[in-house]
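Observations on the three-dimensional arrangement
Given next are the chains, with one letter for each unit.
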Amino acid sequence: MTPALISRDLFEEQLPAYRRFLPIISSLEGGTTKQNIWDIPFTIGELSYLVHSHYRYYGKFPSVVAGQLLDQFPAPSRDHYVLDNFCGSGTTLVEARLRGVKSFGIDISWLSCLASNVKANPANTKEIKSKLKSISNAHCTHSKSCEPPEDQFVTKWFSEETTRDLQSLREIIRGLPESSEKDFLLVAFIGIIRRVSKAFDAEVRPHINKDKKQRNVLEAFTKKVMDMCADHDDYMSLIDSDIESRCILGSNLKLPEEFDDGKCHLVISHPPYLNSFNYTPVFSLEFYWGEPFEELYTGGVKSLHKEELTAHPASDRVTDSYFSHLEQCYRETYRIQKQGAHLAIVIGDCTRNGELVSVIDRTIEIVTGIGYVPYEYNYRTTHYGLGKYAYRHRADYHGAADKKDGILIFKVSEPRTTVCSAHHFAG
Ligand SMILES: C[S@@+](CC[C@H](N)C(=O)[O-])C[C@H]1O[C@@H](n2cnc3c(N)ncnc32)[C@H](O)[C@@H]1O
């Protein structure tokens, strides 16, 4: 090994994890807008540093995509903030917090909001571990007398013993007073559901795995809480506790008034990919066990589900309403952003019945039609095989020159262009 390599390795090891795996960027020739390739040749394990592994969220983007964008567009002041209008599991909020940047998210799903808020904010891990002890003790006596639910759904996906244990744990957590510790423990509980079910762990939509070895619920829960506490302690050693990070339950089709303050310097936006999957059915097992908490975390607002962006199947009707949703939600971000602010959309093309649907071109058309101007188009390379960050369920972007996975960056022009809202897509 050459001396230069030794010093580089040592240097990289000293970097915090969130700076070690940033995309390797190379520029592309041609086009009127600057174009780059973002290569992310790292494993899921490497990219799930700190609190990113708290909650397995199917369809999240690599943490370093948000990290790279936040580095590229720093906040002009401590009052400025990044907004993620498809917040998911809060990847953007965590990366912003690590950089001392104020952040907000918005998501239609209460489970996403809960996970995002727990991940991004400090937690009293000592108190959580003490509550875990009481929960374990209570569970040992409570589980024997517990009446498990007996519906077809639960018997299909969970063994009798697992159902009884989940019911017991859920009742104990439900009985805890409202607190950030309860939120943390609930994320851990929801986080083990897939693992203790009869479904494959890694598949996006739940499917029965006949060969799956059943795991003890209390053991799985205890391990999950302890792992989360250790990761959270590491995370807290790197963050400023005074910075705000908050995910709001709601639809991105109408942004809350609090964002009308002109302080949003960057929007990071990662809509569900067309023709990949809708989120609610993917989390059906988690929503089933989370149902008694829904009232508490939604304030009883149930109708929100109707405003979820539908991405599957890409029939003509779904495709039209998908683009119409994008148009409406980026009109909203354009309304709240000021001159010089940026919008980054992480989005990919898809194939439908073997034919390419150029989601990227259509998105560019929509967003520039609203008034944003193109700033930079980046394309992600995806890697297959073991250990690489794989997108098997999504699409094959490998080698197919026309099918792209993009990080499209736009700017609010100076002077601001106002495009009349008559330019609507069918929906
Ligand atoms: C691709 S995921 C985002 C994942 C995120 N980047 C992460 O790393 O976890 C898209 C998210 O959009 C949310 N969503 C769908 N329709 C929405 C709407 N109308 N308003 C807000 N969020 C919505 C879904 O619930 C889902 O969590």
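Our subject is the structure that appears above.
What you see is a predicted model, and the numbers here were worked out from it, not measured in a lab.

**Quick look at the overall build of the protein chain**
If you tally the helices and strands in the protein chain, you get 15 helices and eleven strands. By the burial criterion, 54% of the 427 residues in the protein chain qualify as buried. A sequence separation of at least 24 residues applies to 78% of the contacts in the protein chain between residues at least 6 apart. Split by element, the accessible area of the protein chain, about 19,100 Å² in all, is 51% carbon and sulfur.

**What to know about the side chain of S245**
Looking at where S245 falls in the secondary structure, it is placed in strand β5 (residues 245–249). Take S245: its relative accessible area is 5%, and that puts it in the buried class. A distance of 2.7 Å separates a polar atom in the side chain of S245 from a polar atom in the side chain of R97. In this structure, S245 is in contact with R97, S103, N117, A120 and N121, ignoring residues within four places of it in sequence.

**Overview of the nonpolar core**
Grouped together as the largest cluster of nonpolar side chains are 49 residues, with contacts concentrated most on L166, L186, F189 and F221. Among the secondary structure elements, those contributing two or more residues to this core are α6 (110–120), α7 (125–145), α8 (152–157), α9 (160–174), α10 (180–196), α11 (217–236), α12 (279–282) and α13 (284–298). Of the residues forming this core, the biggest block, ten residues, is contributed by α10. Summarising the domain contributions, this core has at least three residues from each of domain 1 (14–109 + 243–282 + 301–412) and domain 2 (125–236).

**Focus: the environment of K126**
Note that K126 resides in helix α7. Look at K126 and you get exposed, because its relative accessible area is 69%. Along the backbone, K126 and D233 are 107 residues apart, and their C-alpha atoms lie at a distance of 9.9 Å.

**Considerations on the site of the ligand**
In the region of the ligand, 25 residues are neighbours, and Y57, S89, T91, D107 and E307 sit closest. Between the ligand and D107 there is a distance of 2.8 Å, counted from an oxygen atom to a side-chain nitrogen or oxygen. Within the complex, the protein chains bury 99% of what would otherwise be the 610 Å² of accessible surface of the ligand. Considered class by class, the residues forming the shell around the ligand number ten nonpolar, eleven polar and four charged.

**Quick look at the packing of α6 against α10**
Following both chains from N to C, one finds α6 and α10 inclined at 120°, their axes separated by 9 Å at the closest point. The orientation of α6 with respect to α10, classified from their angle, is oblique. The hand of the α6/α10 crossing is left-handed. Judged by residue contacts, W110, L111, L114, A115 and V118 of α6 engage D183, F184, L186, V187 and I190 from α10. Tallied by class, the residues present in the contact of α6 with α10 amount to nine nonpolar, no polar and one charged.

**Thoughts on the environment of D402**
As for its placement among the helices and strands, D402 is situated in the loop between β10 (372–381) and β11 (405–412). Expressed as a C-alpha distance, the spacing of D402 and D349, which sit 53 residues apart in the sequence, is 8.7 Å. Those residues in contact with D402 that sit more than four places away from it in its chain are D349 and L356.

**A word on the sheet that holds strand β3 (residues 81–84)**
Spatially, nine strands are ordered β1-β2-β10-β11-β7-β6-β3-β4-β5 in an open sheet, and the strand pairing comes out mixed. This sheet does not close on itself; its edge strands, each paired only once, are β1 (24–28) and β5. Sheet twist, expressed as the mean angle between neighbouring strand axes with direction ignored, is 20°. Pairing of β1 with strand β2 (residues 34–39) involves five bridges; the strand directions are antiparallel.

**Digging into the state of the cysteines**
This model, assessed by the stated rule, comprises zero disulfides. For C247, which is in no disulfide, the shortest distance to another cysteine sulfur is to C113 and amounts to 3.5 Å. On the accessibility criterion, C247 (6% relative accessible area) is buried.

**A few points about the packing of aromatic side chains**
Scanning the model with the defined rule gives 15 aromatic pairs in all. Here the aromatic cluster, defined as three or more aromatic residues joined through ring pairs, consists of Y55, Y57, Y58 and F283. The positively charged end of K404 is found above the aromatic ring belonging to Y379, 5.4 Å away from the centroid.

**Observations regarding the pattern of salt bridges**
Inspection of the entire model under this criterion finds 15 salt bridges. D260 serves as the salt-bridge partner of R335, at 3.0 Å between the closest nitrogen and oxygen. With R335 in helix α14 (residues 316–336) and D260 in the loop between β5 and β6 (264–269), this residue pair connects regions lying 75 residues apart in the sequence. The exposure class assigned to R335 is partly exposed, which follows from its relative accessible area of 38%. Among the charged side chains, a network of salt bridges with common partners joins R19, D71, E95 and R99.

**Observations regarding α9**
For α9, with 15 residues, the first-to-last C-alpha span of 21 Å sits near the 21 Å given by 1.5 Å per residue. For α9, the set of buried residues is T162, T163, D165, L166, Q167, S168, L169, R170, I172 and I173. Contacts from the buried residues of α9 go to α7, α8, α10, α11 and α13.

Basis of the calculations
- By convention here, each chain's residues receive numbers from 1 onward along its written sequence.
- This being a predicted model, a pLDDT of at least 70 is required before a residue's local features are given, and a value of 80 or more before pairs of side-chain atoms are given or counted; all residues contribute to the totals for chains, interfaces and linings.
- Values reported for side chains reflect all heavy atoms of the structure, with hydrogen atoms and water molecules removed beforehand.
- Comment: elements are numbered from the N terminus, with helices defined as DSSP H or I runs of at least four residues and strands as E runs of at least two.
- Burial classes follow relative accessibility: with a 1.4 Å probe on protein chains only, a residue under 20% of its type's maximum area counts as buried, one over 50% as exposed, and anything between as partly exposed.
- A contact between two residues is defined here by any heavy atoms of the two lying within 4.5 Å.
- Each accessible area is a Shrake-Rupley estimate made with a 1.4 Å probe; only the visible protein chains count as cover when residues are assessed.
- The term polar contact refers here to a pair of N or O atoms within 3.5 Å; inside protein, the definition further demands a hydrogen-donor-capable atom paired with an acceptor-capable atom, and it admits residues adjacent in sequence only when both atoms are side-chain atoms.
- In plain words, nonpolar cores are sets of buried Ala, Val, Leu, Ile, Met, Phe, Trp, Tyr and Cys residues tied together by side-chain atoms within 4.5 Å.
- Note that the domain bounds were set by an automatic or database domain assignment.
- Note on definitions. A residue lies near a molecule or strand when any single heavy atom of the residue is within 4 Å of it.
- Any residue that is not Ala, Val, Leu, Ile, Met, Phe, Trp, Tyr, Cys, Pro, Asp, Glu, Lys or Arg is counted as polar, Gly included; the first ten are nonpolar and the last four charged.
- To get an axis, a line is fitted to the C-alpha atoms, and for a helix only the part in contact is used. The angle between two axes follows their N-to-C directions and goes from 0 to 180 degrees.
- When describing relative orientation, an angle under 35 degrees is termed roughly parallel and one over 145 degrees roughly antiparallel, while 65 to 115 degrees is termed roughly perpendicular and anything else oblique.
- Handedness of a helix crossing follows the sense of rotation of the near helix relative to the far helix, less than a right angle counterclockwise being left-handed and clockwise being right-handed.
- Strand pairing follows a simple DSSP-based rule, namely that at least 2 bridges must link the two strands.
- For this text, the term disulfide refers to a pair of cysteine sulfurs within 2.5 Å.
- Each Phe, Tyr or Trp ring, with Trp reduced to its six-membered ring, pairs with another whose centre is within 6.5 Å; inter-plane angles below 30 degrees give stacked pairs, above 60 give edge-to-face pairs, and intermediate values give tilted ones.
- Any Lys NZ or Arg CZ that is within 6 Å of a ring centre and within 35 degrees of that ring's normal is treated as a charge sitting over the ring.
- Any carboxyl oxygen of Asp or Glu within 4 Å of a side-chain nitrogen of Lys or Arg constitutes a salt bridge here.
- Helices are assigned an expected span. That span is 1.5 Å times one less than the residue count.

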